[in-house]
Amino acid sequence: MAEIAVVGAGYVGLVTGACWAHLGHNVTFLDIDKEKVARLRRGIVPIYEPGLAEMIAERARDGRVSFTTDPEEAIPGREFIFVAVHTPSASNGNTDLMAFLNAIHAMALLVSPGAIIVQKSTAPIGTAEFVEELMNKRNPQAGVKVVANPEFLREGTAIQDFLNPERIVLGSAHKAAADRVAGLYSFAGRPVIVTDCSTAEMIKYASNAFLATKISFMNEIAQLCDAANLDVRKVAEGMGYDRRIGHKFLGAGLGWGGSCLPKDVKALVHMANGCEVTPSILEAVQRVNATQRSHAIRKLDSLLGGLEGAVVGLLGLAFKPGTDDLRSAPSIDIAESLVAMGALPRAYDPVAMDAARNLLPGVAFTKDAYELAEGADALVLITEWPEFRDIDMTVIRERMRRPVLLDGRNFWDGEAMSRLGFTYQGFGVPSSANGNHRAITSIAEAMGMYP
């Protein structure tokens with residue numbers, strides 16, 4: 001059993017600390033937000049993550065978790081200090097380290113000799129080495145050692161990801177420190193990659209950038225499939241059986257969002273430019289993703305013959321199922337575009353409504369999908385919540401003024417929706433079986449294949 005402090009009671013910090021407590025360790029959370037800490041002490045978890053609130057409540061009853069705003073209460077005597085402070089994007093694409101470095105300064109003089117600082121926050125290459133140098137200058141008696149330990153948690157499945165990781169990445173200049181952190185993870189029985197700090201930091205950035213690249217690649221293929229009236233889902237299926245490619249992250253639609261992929265791609269672009277490396281692929285990945293949101297508006301405008309005065313229902317708001325996170329969510333861009341073009345957007349999401357109200361002042365909110373459909377000219381599927389499969393689409397069709405359905409995640413069977421009377425369109429999905437030969441012939445002619 002270890003004594004652990006977790007600095008930052010945000011998404012990564014809460015999941016990390018809750019899981020360590022679940023595994024039998026004593027965990028003290030430190031956060032500067034007094035209101036958040038007061039709510040956590042009352043059992044109110046500020047984020048939606050399946051199973052997290054219950055896990056924290058159970059460990060609080062066991063006395064294994066506590067919450068404080070006082071560094072002097074949280075830091076002294078702790079063997080491991082996990083720093084999980086948010087590191088958002090700055091306006092120039094760089095990473096904003098202000099809150100992270102403030103936390104480092106606040107605890108520098110309080111760290112006990114032999115304690116290990118574990119950097120969970122995603123930070124630019126070289127940050128962990130800088131933190132170790134900074135803390136040892138301020139507190140040379142402590143002999144601080146830093147281990148970069150990037151997180152690979154997926155919102156919606158974060159607890160399972162922590163408890164059943166695919167790999168553990170540890171970066172440090174000190175083998176003994178890395179070995180001690182590896183010992184914490186011995187429960188997992190998974191590969192442990194030990195490297196220097198900067199390489200560990202790059203593994204995190206490169207991993208997220210590659211996932212974003214796969215999604216953007218398939219969205220570009222989906223646009224070609226739209227032009228050829230082909231089914232990108234079949235293309236992805238055929239690609240995915242190649243073990244070098246795999247089936248994951250080949251879904252076409254509205255693109256990627258959330259807290260990690262957008263800021264990590266931006267940060268890599270900024271780092272590359274600073275090193276006089278041209279990040280051509282990464283810049284294209286960003287452009288394609290941005291295009292998908294405007295592409296959705298163009299599709300909807302074409303389907304409705306104009307958006308002025310059109311009532312458009314957004315089904316789902318969170319950037320993905322299983323979370324209430326709206327950071328860089330496609331719903332934000334799409335809702336803002338609809339308002340700018342004179343449409344009347346309304347929205348429903350099972351868990352993200354409260355978070356969305358302040359972000360989307362021009363959007364009306366409904367109690368469920370059926371109210372969303374009442375008198376609507378179109379519905380746009382934004383988030384593929386599993387419970388949306390239980391919606392009675394016949395009732396949805398009857399309640400709509402115009403039965404236009406734009407499927408932003410290729411969630412439904414287009415042919416089934418057409419049989420129900422919807423005008424259905426997805427992304428890279430055929431709008432009708434009869435148009436296939438015509439579209440392929442047209443592309444072949446454009447390529448000069450026919451005399």
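It should be noted that the structure appears before, not after, this text.
Residues numbered from 1 in each chain as written. Predicted model: local features only at pLDDT ≥ 70, side-chain atom pairs only at ≥ 80, totals over all residues. Heavy atoms only, no water.

Peer 1: Break down the pattern of salt bridges for me, with residues and values.
Peer 2: Applying the stated rule across the entire model yields 19 salt bridges. Note that Asp-231 and Arg-233 form a salt bridge whose closest N and O atoms lie 3.0 Å from each other. Residue Arg-233 is classed as partly exposed on the basis of its relative accessible area, which comes to 31%. Here Arg-357 makes a salt bridge to Asp-354, at a shortest N to O gap of 3.7 Å. Linking Arg-357 with Asp-354, this pair stays in helix 14 (residues 353-357), spanning three residues, or about one helical turn. (Salt bridge = Lys/Arg side-chain N within 4 Å of Asp/Glu carboxyl O. Buried < 20%, exposed > 50% of the residue type's maximum accessible area, 1.4 Å probe, protein only. Helix = DSSP H or I, 4+ residues; strand = E, 2+ residues; numbered from the N terminus.)

Peer 1: Summarise helix 3 (residues 52-62); cite the residues concerned and give the values.
Peer 2: Those residues of helix 3 lying buried are Leu-52, Met-55, Ile-56 and Arg-59. The buried residues of helix 3 occupy an angular sector of 95° when the element is viewed end-on, so they sit on one face. Those residues of helix 3 that are buried are in contact with helix 1 (11-22), strand 3 (65-68) and helix 7 (158-163). Two residues or fewer past helix 3, Gly-63 is found with a positive phi of approximately 80°. (Arc of directions from axis to C-beta. Contact = heavy atoms within 4.5 Å.)

Peer 1: Can you lay out the pairing of strand 10 (residues 344-348) for me, pointing to particular residues and giving the numbers?
Peer 2: A large share of strand 10 lies buried, amounting to four of its five residues. Judged from the five bridges that link them, strand 9 (residues 311-315) and strand 10 form a sheet pairing that is parallel. Paired with Val-311 across the two strands is Leu-344, which belongs to strand 10. Pairing between strand 10 and strand 11 (residues 364-365): two bridges, direction parallel. Residue Arg-346 lies in a different strand from strand 11, and its bridge partner there is Ala-364. (Pairing = 2+ DSSP bridges.)

Peer 1: Which residues make up unusual backbone geometry, and what values go with them?
Peer 2: Of note in this structure, Phe-249 is not a glycine but carries a positive phi near 65°. Classification of Phe-249 as partly exposed rests on a relative accessible area of 33%. The residue Glu-276 is not glycine, and still its phi comes out positive at about 60°. Looking at the element boundaries, Glu-276 is found in the loop between helix 11 (261-274) and helix 12 (280-304).

Peer 1: Please give an account of the environment of Arg-39 that cites residues and values.
Peer 2: Along the polypeptide, Arg-39 turns up in helix 2 (residues 34-41). On the basis of relative accessibility, which here comes to 32%, the residue Arg-39 falls in the partly exposed class. In the structure, Arg-39 is positioned 28 residues away from Phe-67 in sequence and 9.8 Å away in space, judged by C-alpha atoms.

Peer 1: Which residues make up the packing of helix 9 (residues 197-228) against helix 12, and what values do they have?
Peer 2: Two elements in contact, helix 9 and helix 12, have axes whose closest approach is 9 Å; the angle formed by their N-to-C orientations is 45°. Relative to helix 12, helix 9 is oriented oblique. Handedness of the helix 9/helix 12 crossing: left-handed. Two secondary-structure elements touch here, helix 9 through Ala-209, Ala-212, Thr-213, Ser-216, Asn-219, Glu-220, Gln-223 and Asp-226 and helix 12 through Ile-281, Leu-282, Val-285, Val-288, Asn-289, Thr-291, Gln-292, His-295 and Lys-299. (Axes fitted to C-alpha atoms, helices over the stretch in contact; angles between N-to-C directions. Parallel < 35°, antiparallel > 145°, perpendicular 65-115°, else oblique. Left-handed = near helix turned anticlockwise from the far one by under 90°.)

Peer 1: Account for helix 1, naming residues and giving values.
Peer 2: Each full turn of the α-helix corresponds to 3.6 residues, which orients residues three or four apart in the same direction. The terminal C-alpha atoms of helix 1 lie 17 Å apart, and with 12 residues this matches the ideal 16 Å at 1.5 Å per residue to within 8%. Within helix 1, 11 of the 12 residues are buried, which leaves the element mostly enclosed by the surrounding structure. What helix 1 keeps buried is the set Tyr-11, Val-12, Gly-13, Leu-14, Val-15, Thr-16, Gly-17, Ala-18, Cys-19, Trp-20 and Ala-21. In the stretch just after helix 1, Gly-24 is the one whose phi turns positive, near 105°. (Expected span 1.5 Å × (residues − 1).)

Peer 1: So, the pairing of strand 9: which residues are in play, and what are the values?
Peer 2: The buried fraction of strand 9 is high, at five of five residues. Burial along strand 9 is two-sided: Val-311, Gly-313 and Leu-315 facing one way and Val-312 and Leu-314 facing the other are all buried. On the question of chirality, the crossover connecting strand 9 to the parallel strand 10 by way of helix 13 (residues 330-340) is right-handed. In this sheet, strand 12 (residues 378-381) lies alongside strand 9 in parallel orientation, the contact comprising four bridges. Residue pairing for strand 12: Leu-314 is matched across the bridge by Val-380. (Right-handed = clockwise from strand over helix to strand, strands pointing away.)

Peer 1: Lay out the packing of helix 5 (residues 98-107) against helix 6 (residues 127-138) with the relevant residues and their values.
Peer 2: For the pair helix 5 and helix 6, interaxial distance at closest approach is 10 Å and the crossing angle is 30°. In terms of orientation, helix 5 and helix 6 fall into the roughly parallel class. Here helix 5 runs over helix 6; the crossing is right-handed. Contacts between helix 5 and helix 6 pair Phe-100, Leu-101, Ile-104, His-105 and Met-107 from the former with Thr-127, Phe-130, Val-131, Leu-134, Met-135 and Arg-138 from the latter.

Peer 1: Hey, could you go over the nonpolar core for me, with residue numbers and the actual values?
Peer 2: Leu-300, Val-312, Leu-314, Leu-315, Leu-338, Ile-396 and Trp-412 are the most contacted members of the largest nonpolar core, which has 53 residues in total. Aside from chain neighbours lying at most four places away, what touches Leu-338 is Ile-297, Leu-300, Leu-307, Val-312, Leu-314, Ala-343 and Pro-345. (Core = buried A, V, L, I, M, F, W, Y, C linked by side-chain atoms within 4.5 Å.)

Peer 1: Which residues make up the sheet that holds strand 11, and what values do they have?
Peer 2: Spatial strand order, 11-10-9-12-13-14: six strands in an open sheet with parallel pairing. A strand with exactly one partner marks an edge of an open sheet, and here the two such strands are strand 11 and strand 14 (423-425). Across the sheet, helix 13 lies against strand 9 and strand 10, angled at about 175° from strand 9, the strand it touches most.

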